[in-house]
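Chains, contacts and geometry: an overview
For reference, the chains in residue letters:
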Amino acid sequence: MIKTLLLSAAAVAIGPASGSVAVVTADGDKNRPVTKVITLLKDMQKQLQKEADEDEAIYDKMACWCQTNDREKTEAIKTAEVRIDGLTTKIEELTAGSARLNTEIKNLEKEIAENQDSLDKATAIREKQLAEFNAEEKDLLESISALKAAITVLSKHHGGSTGGFLQMPKTHMLGVAATLQNELTKHASLLEGVLTPTERKAAALFVQQPTDYFDAAPTFKQSYAPQSGEIFGILRQMLETFESNLSASQKEELANQQAYGELKAAKEDEIKAGQAQIDSKTGELADTDEKNAQAKVDVDDTKASLSADEQFLSMLKEKCSMADKEWEERQKTRQLEMEAVSQALAVLSGDDAHDLFTRTFNPSFLQRSSSSSSSSDRRSAASALLARVAERLHSPRLATLAYNLKLDAFTRVKKAIDDMVTQLLKEQEDEVKHKDFCTGEFNTNQLQTEKKERTKEDLLASIEDLEMTIDELAKAIDELNAEIAEMQVQLKRAGEDREKENAEFQTTVADQRETQKLLKTALQVLGDFYNKKTASLLQRQEPAGPPPPAGFETYKNNAGSGGVIQLIQQIISDAKAMEAEAIRSEEDAQKAYEDFVKETNASIEAKSKDIVEKSEVKARAEGDLVETKEAKEAVILELEQLSNYNAQLHQSCDFVLKNFELRQTARDEEVEALRQAKAILSGAKFEEFLQKV
């Protein structure tokens, strides 16, 4: 359009000075070339006005978009900053709460451990006390039983008869002496201070010579009674001491058992209460940590959103500022262009111009061309004369006058052409820079997007692995807790069973010992009778004189007495064997119970350590999972930003990249046309220009 206008203007301008104009307008109307120029100028006015209206509409939309998004993003940034402050305060509070709960849980666990340790120590002490009591009770019961048997034997022969001890079997006397010696030796510490030195000396003499003790002097029959009474008294005193000590031990055992039961119940209550507090605080800690983790995720998301909003707002301000500058520049350029077109139209549409064009393209005017040529020659001659004089006289005013004479009427047009060429070259340079910018940004955006996609895939794989690890650790911890709970139940049941077994053992031993006591008493009664009867029969002598008439037959022991005595002895032996077997079984059961408790506690301790280690690993994995999820959300946000920026690049660059070569070529042609038009206006031959066109 500009090329056509300039060609027409050039033709009009050089028409009076060139005879070739007749060739261009020979077959047309005399006003046709100028009319076309005017029509073209009016079309340009309409097109420029249309483009101005379109630019204004685009700018209005851009201004509305800038104002709306500026307001919304500014408000969003303020809201995000307030939210970040609130979340930061919340995180600090939750972190402090978590630290407090962890400390309280550790203190409670320490208290439970101390209570459990105290209970274990008390249990060990109680088991030791019980074992010592059982051993002491066993010894005392055996000693009491032996002393009672010895007293029973002596009581049968200790009385008013002067020949009682002479009639006592030697074996009985030896048995009493052995019993006395054994008890004096075994319970020396217990009997210390109980027997006087005289009693100890008498007992020692009796133990050394039990059969000859009562034959120590010729006056034996006068002295045996006090000596036998002394031994009898010593045995009774020892029996009373042992029974008193057994009673005291049993009372002490009952007191110890009751105290242990109370201590155990108190410690178990304390442990149960502490565990309940741990469970409660652990749940509270889990809630606190979950809220803290969520708050951290929220603050990171809010910070990421804030950063994105700030970047967008910065980009918006820059883009809107550039749009404002571009709008002002386009308005200014278009206004200048419209003014130039209006001025050209005014020049070409005036009455003087119309008359001039009528004369110029009128055939009759061609006959006067020689006079116009003559005028031009004179103007040139005058200009040359003035130039020569100015050069000779070095007069600037004469040189200016000569230049003004040669200056044509297209100075303003040529200036406009120069301005337009400069503007077009500037636009071409800016468009090349924009194209390079678009190409580089597209490549960078693609590389960053691919990199972030790979990062996203890696993070998703890490999240899956961490979630699987956490799930496996949680299941393992639950299984360990279940195993510990089961072992604690088994430990409790084993303790209860051990107490029942011990109670049964105590009953069994007491029954066996009572049975032995009764059987020994019965055996002693039978033995005393039959042994005494036999001795009496052996000591009987026939009187001197004639034999008496036939009397009673010889008294014989009951035929079944020997079997009864043997049976009783066998039963006593069996009872002792059963007692010994019960004691061995009790000892084995106690040892098995202690081994079971030791092994179970060791297993519980090992599993507890395993739980702690797995819990630490699980906590670290959960922390890594939170960080990985945060990183994933950040990557997703960056991918969204890259996608949005890519869409903006397409909106800004697609038209330029698609039409770059075409626009560059068109702009080059336009610049070349402007330069050629300027050359024509500056004096180039019009015929050569037409041939090029």
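To be clear, the structure that these remarks concern was listed above.
Moving on to the overall build of the protein chain. When helices and strands are tallied, the protein chain shows 16 helices and zero strands. Burial status across the protein chain gives 29% buried among its 693 residues. Contacts in the protein chain between residues far apart in sequence, at least 24 positions, make up 88% of those at least 6 positions apart.

Let us now look at a negative patch on the surface. A cluster of acidic side chains, namely Asp53, Glu54, Glu56 and Asp60, defines a negative patch on the protein surface. Mapped onto the elements of the fold, Glu56 is located in helix 3 (residues 32-157). Judged by relative accessible area, Glu56 falls into the partly exposed class, the value being 41%.

Right, let's get into helix 7 (residues 197-208). Between its first and last C-alpha, helix 7 extends 16 Å over 12 residues, near the 16 Å set by a 1.5 Å rise per residue. Every buried residue belonging to helix 7 is among Glu199, Ala202, Ala203, Phe206 and Val207, and all of these are buried. Along the axis of helix 7, the buried residues cluster in a sector spanning 135°; they form a single face. Along helix 7, the residues that are exposed and aim more than 90 degrees away from the buried face are Pro197, Thr198, Lys201 and Gln208.

With that settled, consider the packing of aromatic side chains. Under the defined criterion, the tally for this structure stands at two aromatic pairs. Ring plane angle 10° and centroid distance 4.7 Å describe the contact between Tyr59 and Trp327, whose orientation is recorded as stacked. Taken together, the residues Tyr59 in helix 3 and Trp327 in helix 8 (residues 220-349) connect sequence positions 268 residues apart. Judged by relative accessible area, Tyr59 falls into the partly exposed class, the value being 22%.

Once that is clear, we can look at the nonpolar core. Counting 26 residues, the largest nonpolar core has Leu180, Ile234, Leu235 and Met238 as the members making the most contacts within it. Mapped by element, the contributors of at least two residues to this core are helix 3, helix 5 (170-186), helix 7 and helix 8. Examining the composition of this core, we find that eight residues originate from one element, helix 8, more than from any other. Contact partners of Leu235, with chain neighbours within four places excluded, come to Leu147, Ala150, Ile151, Leu154, Val176 and Leu180.

With that settled, consider the state of the cysteines. Applying the stated criterion to the full structure yields two disulfides. Note on cysteine connectivity: Cys66 is disulfide-linked to Cys320, with sulfurs 1.7 Å apart. In this structure the cystine formed by Cys66 and Cys320 twists about its S-S bond by roughly -100°; its chirality is therefore left-handed. Residue Cys66 is located in helix 3, and its partner Cys320 is located in helix 8; the two are separated by 254 residues in the primary sequence. The pair formed by Cys66 and Cys320 is uniform in burial state, with each residue classed as buried. Here Cys438 is linked by a disulfide to Cys653, with a sulfur-sulfur distance of 1.9 Å. With the S-S bond torsion at -75°, the cross-link from Cys438 to Cys653 turns out left-handed. Remark: Cys653 occurs in helix 14 (residues 561-658) and Cys438 occurs in helix 13 (residues 411-539); sequence separation between them is 215 residues. Exposure class is identical for Cys438 and Cys653. Each is buried. Here the bonded cysteines of the protein chain are numbered in sequence order, and their pairing is 1-2, 3-4.

Considering all chains together, one arrives at 27 salt bridges under this definition. Two residues, Glu104 and Lys281, come together in a salt bridge whose shortest N-O distance is 2.8 Å. Of the two residues, Glu104 sits in helix 3 while Lys281 sits in helix 8, which places them 177 residues apart along the sequence. Looking at Glu104, the relative accessible area reads 23%, which means it is partly exposed. Within the structure, one salt-bridge network assembled from shared partners comprises Arg100, Glu104, Lys281 and Glu284.

Cut-offs used in this document
- Here the residue index of a chain counts from 1 through its sequence in written order.
- The predicted origin of the model limits local features to residues at a pLDDT of at least 70 and limits the giving and counting of side-chain atom pairs to 80 or more, whereas totals for whole chains, interfaces and linings rest on all residues.
- Just so you know, side-chain values use all the structure's heavy atoms and leave hydrogens and water out.
- Going along the chain from the N terminus, every DSSP run of H or I of four or more residues is numbered as a helix, and every run of E of two or more is numbered as a strand.
- Between buried and exposed lies partly exposed: a residue is buried under 20% and exposed over 50% of the maximum accessible area for its type, with that area taken using a 1.4 Å probe on protein chains only.
- Working rule for contacts: check all heavy atoms of both residues, and any pair within 4.5 Å makes them a contact.
- A patch consists of residues exposed above 30% relative accessible area that lack any salt bridge, with like charges linked at up to 9 Å and nonpolar side chains (Val, Leu, Ile, Met, Phe, Trp, Tyr) linked at up to 5 Å.
- Here the Shrake-Rupley method, with its probe set to 1.4 Å, supplies the accessible areas, and only the displayed protein chains count as covering residues.
- Salt-bridge detection follows one rule: a side-chain nitrogen of Lys or Arg within 4 Å of a carboxyl oxygen of Asp or Glu.
- The charge count includes Lys and Arg as positive and Asp and Glu as negative, but it does not include His or the ends of the chains.
- Charge positions come from single atoms, namely NZ of Lys, CZ of Arg, CG of Asp or CD of Glu.
- One fewer than the residue count of a helix, multiplied by 1.5 Å, yields its expected span.
- Think of the arc as the fan of directions from the helix axis to the C-beta atoms.
- Each Phe, Tyr or Trp ring, with Trp reduced to its six-membered ring, pairs with another whose centre is within 6.5 Å; inter-plane angles below 30 degrees give stacked pairs, above 60 give edge-to-face pairs, and intermediate values give tilted ones.
- Joining through side-chain atoms within 4.5 Å is the link that ties buried Ala, Val, Leu, Ile, Met, Phe, Trp, Tyr and Cys residues into a set, and such a set is a nonpolar core.
- Disulfides are defined as pairs of cysteine sulfur atoms found within 2.5 Å of each other.

By themselves, these figures tell us nothing about what the structure is for.
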